[in-house]
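# Analysis of the macromolecular model
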Amino acid sequence: MTVCPDCDTEIDLVAYRCEKCCVCINQVEGFRLFDPQLADQNDGFLAESFEGLADVETGNFWFESRSYLINSFIEKYVEVKGDFLEVGVGTGFVLSRLIKHTSFQSYAGSDLHLSGLKKAKSTLPEGVFLVQFDARRAPYSSEFNAVGMFDCLEHIQEDSDVIRRMHKALTEKGYFILTVPQHPFLWSESDRVACHKRRYRVGELEKKLIENGYEIVRSTSFVTLLSPLMFANALYRRYFPKKAECYIADGLVIPDIINSIFMIVMSIERGLINLGLNLPFGGSRLIVARKKV
């Protein structure tokens, strides 16, 4: 059910209007905007970063490995049925691959930025519903069997508000799948440029999920084998800063040979994770949680 983010009254999907508080959800360039005041600029992400990000995702060791892990975890731990929503769809990179490897009845993507939605529309297949809203005010109740947020939650200061709104958006025993950056000591210039509000401590996000009505199905770190290099890079950049990066993509371009080596390292790591090993530390964390009744 689609609800008014202000009063939680069901929205008339013909008029896209809340009858209780008379809010109209206008359409701009084919997208419904629930929070239009944030559609162009906000402090969660730079709108102009989407184009550059799309240029570096395909073939990049981190983006590709994360996508493989997400798909394998959904296959193993999520009862695939009903509808899937990705919050923070960005360029559509993750969702496009998820559509190829899973069989939900329908797929939807949201983003706070109109520029993100336009980029996602150009990369996703026909039939994917795309909508703009603030995740802290997600306009859904018992609507989706699964919701994914992949390196999105760390961009939002009020993460517990988001966790509660996703709980409301999920159907009974629905699944919440997340990836987030981990370990504050790995904080670097790239985090600042990406508009991150935090890197999560071990166990921090699981605690927030449990406190807000979820049970943890599986949780593991990843980018473990490469985390010493991440730490060394963070220290180096801290004491020997180079020219300031303007956009997130600026820090993601690496030589092809190094990318290939890192891809091999990540494939070894994925093998260990898929065997059931939960890695205790790493640059990122992947969690599958389920809504408790």
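Our subject is the structure listed above.
On a predicted model such as this, the values are computed, not experimentally measured, just so you know.

On a plain count of helices and strands, the chain comes out with 9 helices and 9 strands. Over its C-alpha atoms the chain spans a radius of gyration of 19 Å, differing by no more than 12% from the 19 Å that the globule rule assigns to 293 residues. With the C-alpha coordinates aligned to their principal axes, the bounding extent of the chain is approximately 55 × 40 × 35 Å. Looking at the 293 residues of the chain, the share that counts as buried comes to 54%. Within the chain, residue pairs in contact and separated by at least 24 positions form 74% of the contacts whose partners lie at least 6 positions apart. When the accessible surface of the chain is totalled, it reaches about 13,300 Å², and 56% of it is carbon and sulfur. Across the chain, the 34 positively charged side chains and the 38 negatively charged ones have centroids separated by 4 Å.

For the rest of this paragraph, the subject is helix α3 (residues 93-101). Residues of α3 that are buried: Phe93, Val94, Leu95, Ser96, Leu98 and Ile99. Where the residues of α3 are buried, they touch α1 (49-57), α2 (61-77), β3 (83-87), β4 (106-111), α4 (114-123) and β6 (144-150).

This brings us to helix α9 (residues 256-274). Helix length check: α9, at 19 residues, gives a terminal C-alpha distance of 26 Å against a target of 27 Å (1.5 Å per residue), a fit within 8%. Of all the positions in α9, only Asn259, Phe262, Met266, Glu269, Arg270 and Ile273 are classed as buried. Relative to the axis of α9, the buried residues are bounded by an arc of 105° and lie together on one face. Every exposed residue of α9 that faces more than 90 degrees away from the buried side is listed here: Ile257 and Ile264. Immediately beyond the C-terminal end of α9, within one or two residues, lies Gly276, with a positive phi of roughly 110°.

Before going further, it helps to spend a moment on unusual backbone geometry. Comment: phi is negative for the bulk of residues other than glycine, and the bulk of peptide bonds are trans. With a phi angle near 50°, Tyr16 is a residue other than glycine that sits in the positive phi range. Looking at the secondary structure, you find Tyr16 in the segment before β1 (27-28). On the basis of relative accessibility, which here comes to 11%, the residue Tyr16 falls in the buried class. Here the phi dihedral of Val223 falls at roughly 55°; this positive angle occurs in a residue that is not glycine. Its place among the elements puts Val223 in the loop between β8 (214-222) and α8 (227-239).

This paragraph deals with the side chain of Glu86. Inspection of the secondary structure puts Glu86 in strand β3. Setting aside residues no more than four positions away along its own chain, Glu86 makes contact with Val94, Leu95, Ala108, Gly109, Ser110, Gly148 and Phe150.

Turning our attention to the packing of α2 against α9. At their nearest, the axes of α2 and α9 sit 9 Å apart, and the two run at 20° to each other. By the angle class used here, α2 and α9 are roughly parallel. Viewed along their axes, α2 and α9 form a crossing whose handedness is right-handed. Each of Phe61, Glu64, Ser65, Tyr68, Leu69, Ser72, Phe73 and Lys76 in α2 lies in contact with α9, whose residues at this interface are Asn259, Phe262, Met263, Met266, Arg270, Ile273 and Asn274.

What follows concerns the environment of Ile156. Note that Ile156 resides in the loop between β6 and α5 (159-169). Judged by relative accessible area, which is 13%, Ile156 ranks as buried.

This part covers a nonpolar patch on the surface. Taken together, the side chains of Leu225, Ile264, Ile268, Leu272, Leu275 and Leu277 make up a nonpolar region of the molecular surface, amounting to roughly 590 Å² of accessible area. Inspection of the secondary structure puts Ile264 in helix α9.

The rules we used
- Residues numbered from 1 in each chain as written.
- Predicted model: local features only at pLDDT ≥ 70, side-chain atom pairs only at ≥ 80, totals over all residues.
- Heavy atoms only, no water.
- Helix = DSSP H or I, 4+ residues; strand = E, 2+ residues; numbered from the N terminus.
- Rg over C-alpha atoms; globule rule 2.2 N^0.38 Å.
- Buried < 20%, exposed > 50% of the residue type's maximum accessible area, 1.4 Å probe, protein only.
- Contact = heavy atoms within 4.5 Å.
- Areas by Shrake-Rupley, 256 points an atom, 1.4 Å probe, with all protein chains shown as cover.
- Lys, Arg positive; Asp, Glu negative; His and termini not counted.
- Charge placed at Lys NZ, Arg CZ, Asp CG, Glu CD.
- Expected span 1.5 Å × (residues − 1).
- Arc of directions from axis to C-beta.
- Axes fitted to C-alpha atoms, helices over the stretch in contact; angles between N-to-C directions.
- Parallel < 35°, antiparallel > 145°, perpendicular 65-115°, else oblique.
- Left-handed = near helix turned anticlockwise from the far one by under 90°.
- Patch = residues over 30% accessible without salt bridge, like charges linked within 9 Å, V, L, I, M, F, W, Y side chains within 5 Å.
- Salt bridge = Lys/Arg side-chain N within 4 Å of Asp/Glu carboxyl O.

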